[in-house]
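These are the residues of each chain, in order.
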Amino acid sequence: MKYNEIRKAVFIRRLNRFSAEVDIDGVIELVHVKNTGRLRELLLNGAEVILERASNPDRKTRYSLIGVYKGKEIVNIDSQAPNAAAYEAVKDGRIKELGLPDMVKREVKYGNSRFDLYYEKEGIKGFVEVKGVTLDVNGTARFPDAPTERGAKHVRELIKAHNEGYECSVLFVIQMKNITAFEPNYDTDPDFAKALYEAQRAGVNILAYDCITDECSMAIDSGIEVKIHSI
């Protein structure tokens, strides 16, 4: 997935979940933050960030904050990017565990949930729930960086769908490179970690892929080792 009209800025401070102040060529500007997670290890005063100009000229903020430099690497923080990148990768057969589907749809309702992707292949019907990951702890990606009741609910709905005959997967899209493994964030959200362990035991695929990121795009790249244990 790609962005238009990108520019760099310097991060100053986050005002709330949705907005922050940045320095654009010496001018302080209010920008929209496209991620409601904490991002405390990324959104630091003085960090170099990447902005995308809004397509709507009447919007209150002219720019959205979509990426942060971590050393020489870019961490994409756009919470909408993982779904778009996952759709492209699944449709093109780049998620090897899923093969090449005959068709893929986005945002399909099942029970009390709406899963991110639905696909069909060779008589098999499947769902994929996509989770974007921005937290890196010494080379291990972790999710979530804040408690998510909704996330655990979706995982348990996948177990139900799997038991009813669907092929089901949770796909963690790690929005950066240089990651060696993925694991749930046991300390921050033990219930989500428990749900993920239950799902793995039930036969739901737990997948993690890193991404190639630059200032203008993000694309799913390589599979990453998943580490899950009971708690």
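Here's what I pulled together on the structure shown here. Every value quoted in this text rests on a predicted model; they were computed, and no experiment measured them.

1. Observations regarding the pattern of salt bridges
Inspection of every chain in the model, using the stated rule, returns 18 salt bridges. Linking Asp 78 and Lys 34 is a salt bridge whose minimum nitrogen-to-oxygen distance equals 3.5 Å. Here Lys 34 lies in the loop between β3 (27-33) and β4 (48-53) and Asp 78 lies in the loop between β6 (73-76) and α1 (81-91), a separation of 44 residues in the sequence. Of the two residues examined, Asp 78 and Lys 34, each falls in the buried class. Its salt-bridge partner being Lys 91, residue Asp 92 comes within 3.5 Å of it at the nearest N-O pair. The exposure class of Asp 92 is partly exposed, given its relative accessible area of 44%.

2. Thoughts on helix α2 (residues 149-163)
A rise of 1.5 Å per residue sets the reference length of α2, with its 15 residues, at 21 Å; its end C-alpha atoms lie 22 Å apart and thus fit the reference within 8%. Buried residues along α2 sit in contact with β7 (103-110), β8 (113-121), β9 (124-133), β12 (167-174) and α3 (190-202). One or two residues past the end of α2 sits Gly 165, with phi positive at roughly 110°.

3. Some words on the environment of Ala 20
Checked against the element boundaries, Ala 20 lands in strand β2 (residues 19-24). A relative accessible area of 0% means that Ala 20 is categorised as buried. For the pair formed by Ala 20 and Leu 158, sequence separation is 138 residues and the distance between their alpha carbons is 35 Å. What Ala 20 contacts, discounting residues up to four positions off in sequence, is Phe 11, Arg 13, Arg 14, Leu 15, Glu 29, Leu 30, Val 31 and Val 33.

4. So, the side chain of Glu 129
Mapped onto the fold, Glu 129 is located in strand β9. Within the local environment of Glu 129, its side chain forms a polar contact with the backbone nitrogen of Asp 116, the two atoms lying 3.4 Å apart. Excluding anything up to four places from it in sequence, Glu 129 contacts Arg 114, Phe 115, Asp 116, His 154, Leu 158, Ser 169, Val 170 and Leu 171.

5. Considering the sheet that holds strand β15 (residues 218-223)
The six strands lie next to each other as β7-β8-β9-β12-β14-β15, forming an open sheet whose pairing is mixed. The open sheet is flanked by β7 and β15, the only strands paired with a single partner. Geometrically, the sheet is characterised by an average inter-axis angle of 40° between neighbouring strands, direction not taken into account. Of the strand pairs in this sheet, β8 and β9 are connected by five bridges, and their pairing is antiparallel. For Glu 120, the partnering residue across the bridge sits in β9 and is Lys 125. Sitting on the sheet, α1 touches β7, β8, β9, β12 and β15, and the angle it makes with β7 is about 135°.

6. Concerning the sheet that holds strand β10 (residues 135-137)
The sheet built from four strands is open, its strands ordered β10-β11-β13-β16 with mixed pairing. For this open sheet the edge positions go to β10 and β16 (225-226), each flanked by a neighbour on one side alone. Direction of pairing for strand β11 (residues 140-143) relative to strand β13 (residues 181-184): parallel, over a ladder of four bridges. Across the sheet, Thr 140 pairs through a bridge with Ala 181, a residue of β13.

Scoring rules and cut-offs
Residues numbered from 1 in each chain as written. Predicted model: local features only at pLDDT ≥ 70, side-chain atom pairs only at ≥ 80, totals over all residues. Heavy atoms only, no water. Salt bridge = Lys/Arg side-chain N within 4 Å of Asp/Glu carboxyl O. Helix = DSSP H or I, 4+ residues; strand = E, 2+ residues; numbered from the N terminus. Buried < 20%, exposed > 50% of the residue type's maximum accessible area, 1.4 Å probe, protein only. Expected span 1.5 Å × (residues − 1). Contact = heavy atoms within 4.5 Å. Polar contact = N/O pair within 3.5 Å; in protein donor to acceptor, adjacent residues only side chain to side chain. Pairing = 2+ DSSP bridges. Axes fitted to C-alpha atoms, helices over the stretch in contact; angles between N-to-C directions.

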